[in-house]
Number of protein chains: 2
Amino acid sequence: MTMDQRRVLVTGLGGAVGAGIRPALEERYEVVALSRGGVEGLPPERNIRADIAVLEEIEPAFEGVDTVVHLAAYGGVNSPRGMWEASWEEVLRNNISGTRNVFEAALRAGVRRVVFASSGATMGGYLKSSPYREITRGEYDRVPAEYRMLRTSDEPRPNNLYGVSKLFGEDLARMYVETTELSIICLRIGGCPADGRPREGDPWNQAIFVSHRDVADLVVRSIEAPEDVRFDVFFGISDNRWRFRDYSHSTEVLGHVPRDAAEDFLGDAT
Amino acid sequence: MTMDQRRVLVTGLGGAVGAGIRPALEERYEVVALSRGGVEGLPPERNIRADIAVLEEIEPAFEGVDTVVHLAAYGGVNSPRGMWEASWEEVLRNNISGTRNVFEAALRAGVRRVVFASSGATMGGYLKSSPYREITRGEYDRVPAEYRMLRTSDEPRPNNLYGVSKLFGEDLARMYVETTELSIICLRIGGCPADGRPREGDPWNQAIFVSHRDVADLVVRSIEAPEDVRFDVFFGISDNRWRFRDYSHSTEVLGHVPRDAAEDFLGDAT
């Protein structure tokens, strides 16, 4: 660690995406974790325990921070309908109030940029339409050789509260960027299992899979992107055979090209 | 009132838009008001006092309702930056939790459709760009004869928390429509003064003005739209000389054509 390293505050470092990007961040930056329960392997002064649902509680953690990587979220989504009543309060608290508090604390502390983990769930409704439906079911013989990939500029189609809350975060980011000096880059991260491997026998997970190496590269490039990239939305996705999210925009703007594919990790390539 | 009239529950009936559409609704429907303080001129059984921030409190009001017109919102926006700290809690309570509660109560009660009052504030950031900036400043000699009007499908550019909260409502509507039988139509209503007249000497208000007659027609057509119009987003705008919001989509889908223009109401036409 040197004096001129960026100080990077990460929320949700203990989660699956956090685990995936942590080595790449620690190699380059002075990493500070902000979480409710603390994370393993960081000295106390860089292992801050506070609740993002309470603005005043988290504000001190933002002092001297160059970039915030905001991963923390409540994501307990199983069935589109099943989770509603049970979890609106958690979505409201952690994803809506929490994200507002992270952005607001970043602004007040003079943070340069926030990298916000959005989600493919912002577009989960497309899975009802062909050929995405067939792909996620593994009905590959029913998928045309050429099909249109989704772009982040397509109309949003959230199919659960988690996806709605991520769109809220993106729109809130738009407002902060529109009205302040803060820069916020939104990453619609795909399926990023904690062990870095796509799930065997799960065509949906294999289609939206993003490897630790690929998501780490995307996050680092988002941190390092030049000043004129004040706001944007990118997919985080590996170069999977059956992917349907277009990463070309991140190649154009950030120079990010995924180097992995779900098939590289599978017992027998499909 | 006849037995086969639709029962229409209106939140925010006492506000400016509510005042504008009330005669047209009362002419056609059995109108029920839901508000914290009650509204004037309705019998007690159709003048329900409850707080939309509390789901359990409002649920009984939705029984037997065909359509909900959801106008209630906290909108105290003056300067884009000035209102933040002061009002996030109000936006969160009234616009975010309130709108979630209205949609959820509608779903649980088997309501057919919600007409949701969104806002042009979802795109307020465009006012920084030409020619919208010049138009809203009244610098008409700097506006080209032909310019592009904004469409509801354009990228959102909220410039205050009110606009962000309206985008949240639209995205939440998308989710309900995606995953349930509920239909929700979103209207990005322009400047609708309580007295039905554009503000003299205010080019911005005159550009985004919508008359009582025009907004009432749009709301009635949204209520009456056929079943296959399950979700959509329309601007509510009169045919003002300097408008920059494209209403053609509402003409195509709903047959709505504004009949007024800000200039009709002004002392000297500009």
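Scroll up to find the structure.
Because the structure is a prediction, the values reported are computed rather than measured.

1. Focus on the overall build of chain A
Part 1 of the reasoning: Along the backbone of chain A there are 9 helices and 7 strands.
Part 2 of the reasoning: The globule rule puts the C-alpha radius of gyration for 270 residues at 18 Å, and the 18 Å found for chain A is close to it.
Part 3 of the reasoning: Judged by the C-alpha coordinates and their principal axes, chain A covers about 55 × 40 × 35 Å.
Part 4 of the reasoning: The buried share of chain A, reckoned over its 270 residues, is 61%.
Part 5 of the reasoning: In chain A, the proportion of contacts linking residues at least 24 apart, taken out of those at least 6 apart, comes to 70%.
Part 6 of the reasoning: Surface exposure of chain A reaches about 10,800 Å², of which carbon and sulfur atoms provide 47%.
Part 7 of the reasoning: Charged side chains in chain A number 32 positive and 42 negative. The centres of these two groups are separated by 3 Å.

2. Some points on the environment of Gly255(B)
Part 1 of the reasoning: With respect to the helices and strands, Gly255(B) occurs in the loop between helix H8 (248–254) and helix H9 (262–265).
Part 2 of the reasoning: If near-sequence neighbours (up to four positions away) are discounted, Gly255(B) is found in contact with Arg221(B) and Ser250(B).

3. What about the sheet that holds strand S6 (residues 183–189) of chain A?
Hydrogen bonds along the backbone pair up the strands of a sheet, which may run parallel or antiparallel.
Residues and elements named next belong to chain A.
Part 1 of the reasoning: Across the sheet, 7 strands lie side by side as S3-S2-S1-S4-S5-S6-S7; this open sheet has parallel pairing. The open sheet has two free edges, formed respectively by strand S3 (47–49) and strand S7 (231–236), since each of these has just one partner strand. The average angle at which neighbouring strand axes cross in this sheet is 20°, direction not considered.
Part 2 of the reasoning: Of the strand pairs in this sheet, strand S1 (residues 7–11) and strand S2 (residues 30–35) are connected by 5 bridges, and their pairing is parallel. Note that in S2 the partner of arginine 7 across the bridge is glutamate 30.

4. Some words on helix H5 (residues 161–179) of chain B
Part 1 of the reasoning: Here H5(B) spans 27 Å end to end across 19 residues, near enough to the 27 Å set by a 1.5 Å rise per residue.
Part 2 of the reasoning: Counting buried residues along H5(B), 18 of its 19 residues qualify, which places the element largely inside the surrounding structure.

5. A short note on the interface of chain A and chain B
Accessible area lost on assembly of the parts is the figure often given for the size of an interface.
Part 1 of the reasoning: Of the residues lining the interface, 33 residues belong to chain A; the matching set on chain B comes to 33 residues.
Part 2 of the reasoning: Taking both sides of the interface into account, the surface hidden between chain A and chain B amounts to around 2,900 Å²; carbon and sulfur atoms contribute 64%.
Part 3 of the reasoning: Counting the contacts that link chain A with chain B gives 6 salt bridges.
Part 4 of the reasoning: A salt bridge links Arg174(A) to Glu155(B); the shortest N-O distance between them is 2.7 Å.
Part 5 of the reasoning: Sorting the residues of the side of chain A that touches chain B by element identifies helix H3 (84–109) and helix H5 (161–179) of chain A as the ones contributing at least two each.
Part 6 of the reasoning: Residue composition of the side of chain A that touches chain B, by class: 16 nonpolar, 6 polar and 11 charged.

6. Observations regarding the state of the cysteines
Part 1 of the reasoning: Enumeration according to the criterion identifies 0 disulfides over all chains in this entry.
Part 2 of the reasoning: The cysteine Cys192(B) is free of any disulfide, with Cys186(B) supplying the nearest cysteine sulfur at 18 Å.

7. Side note on the pattern of salt bridges
All names here are of chain B.
Part 1 of the reasoning: A complete count under the given rule lists 46 salt bridges over all chains for this structure.
Part 2 of the reasoning: Taking the shortest distance from any N to any O, the salt bridge between arginine 151 and aspartate 246 comes out at 2.9 Å. Placement of the pair is arginine 151 in the loop between helix H4 (132–137) and H5 and aspartate 246 in the loop between strand S7 (231–236) and H8, with a sequence separation of 95 residues.
Part 3 of the reasoning: Of the residues examined, arginine 151 reaches a relative accessible area of 30% and is grouped as partly exposed.

8. Side note on the sheet that holds strand S2 (residues 30–35) of chain B
All names here are of chain B.
Part 1 of the reasoning: Within the open sheet, the 7 strands sit side by side as S3-S2-S1-S4-S5-S6-S7. Their pairing is parallel. Looking at which strands have only one partner, the edges of the open sheet turn out to be strand S3 (47–49) and S7. Across the sheet, the axes of successive neighbouring strands diverge by a mean angle of 20°, strand direction being ignored.
Part 2 of the reasoning: Pairing analysis gives 3 bridges linking S2 to S3, with the strands arranged parallel.

9. Some words on unusual backbone geometry
Part 1 of the reasoning: Cis rather than trans, the peptide bond between Ser130(A) and Pro131(A) has omega equal to 0°.
Part 2 of the reasoning: Mapped onto the fold, Pro131(A) is located in the loop between strand S5 (113–119) and helix H4 (132–137).

10. Points about the relation of the copies chain A and chain B
Part 1 of the reasoning: Between the two copies, chain A and chain B, the superposition gives an RMSD of 0.0 Å; the rotation angle is 180° and the shift along the axis is 0.0 Å. Between the two chains, the operation in question is that of a two-fold axis. For chain A, the minimum C-alpha distance to the rotation axis belongs to Phe168(A) and amounts to 2.8 Å.
Part 2 of the reasoning: Interface residue correspondence from chain A to chain B reaches 100%, placing this contact among same-surface, isologous pairings.

11. So, a negative patch on the surface
Part 1 of the reasoning: A cluster of acidic residues, Glu56(A), Glu57(A), Glu89(B) and Glu90(B), forms a negative patch on the protein surface.
Part 2 of the reasoning: Within the residue set of the negative patch, elements represented by two or more residues are helix H2 (55–58) of chain A together with helix H3 (84–109) of chain B.

12. Remarks on the pairing of S6(A)
For a regular strand, the rule is simple: side chains alternate between the two faces of the sheet.
Residues and elements named next belong to chain A.
Part 1 of the reasoning: Within S6, 7 of the 7 residues are buried, which leaves it mostly tucked inside the rest of the structure.
Part 2 of the reasoning: Alternating positions in S6 separate into two faces, Ser183, Ile185, Leu187 and Ile189 on one and Ile184, Cys186 and Arg188 on the other, with burial throughout.
Part 3 of the reasoning: Pairing between S6 and S7: 6 bridges, direction parallel. By the bridge assignment, arginine 188 is partnered in S7 with phenylalanine 235.

13. Overview of the packing of H5(A) against H5(B)
Part 1 of the reasoning: Where H5(A) contacts H5(B), the two axes come as close as 9 Å, and the packing angle between them is 155°. Taken together, the axis directions place H5(A) and H5(B) in an arrangement best described as roughly antiparallel. Two packed elements cross with a definite hand, and for H5(A) against H5(B) that hand is right-handed. Of H5(B), the residues touching H5(A) (which contributes Leu161(A), Val164(A), Leu167(A), Phe168(A), Asp171(A), Leu172(A) and Met175(A)) are Leu161(B), Val164(B), Leu167(B), Phe168(B), Asp171(B), Leu172(B) and Met175(B).
Part 2 of the reasoning: Here the residues of the contact of H5(A) with H5(B) sort into 12 nonpolar, no polar and 2 charged.

14. Comments concerning the side chain of Ser183(A)
Part 1 of the reasoning: Following the sequence through the fold, Ser183(A) ends up in strand S6.
Part 2 of the reasoning: For Ser183(A), the residues in contact, after removing those within four places along its chain, are Arg112(A), Arg113(A), Val114(A), Val177(A), Val229(A) and Arg230(A).

The rules behind these values
- Residues numbered from 1 in each chain as written.
- Chains lettered and ligands numbered in written order.
- Predicted model: local features only at pLDDT ≥ 70, side-chain atom pairs only at ≥ 80, totals over all residues.
- Heavy atoms only, no water.
- Helix = DSSP H or I, 4+ residues; strand = E, 2+ residues; numbered from the N terminus.
- Rg over C-alpha atoms; globule rule 2.2 N^0.38 Å.
- Buried < 20%, exposed > 50% of the residue type's maximum accessible area, 1.4 Å probe, protein only.
- Contact = heavy atoms within 4.5 Å.
- Areas by Shrake-Rupley, 256 points an atom, 1.4 Å probe, with all protein chains shown as cover.
- Lys, Arg positive; Asp, Glu negative; His and termini not counted.
- Charge placed at Lys NZ, Arg CZ, Asp CG, Glu CD.
- Pairing = 2+ DSSP bridges.
- Axes fitted to C-alpha atoms, helices over the stretch in contact; angles between N-to-C directions.
- Expected span 1.5 Å × (residues − 1).
- Buried area = accessible area lost by both parts, 1.4 Å probe.
- Salt bridge = Lys/Arg side-chain N within 4 Å of Asp/Glu carboxyl O.
- Nonpolar A, V, L, I, M, F, W, Y, C, P; charged D, E, K, R; others polar.
- Disulfide = S-S within 2.5 Å.
- Least-squares fit on C-alpha atoms with pLDDT ≥ 70 in both.
- Patch = residues over 30% accessible without salt bridge, like charges linked within 9 Å, V, L, I, M, F, W, Y side chains within 5 Å.
- Parallel < 35°, antiparallel > 145°, perpendicular 65-115°, else oblique.
- Left-handed = near helix turned anticlockwise from the far one by under 90°.

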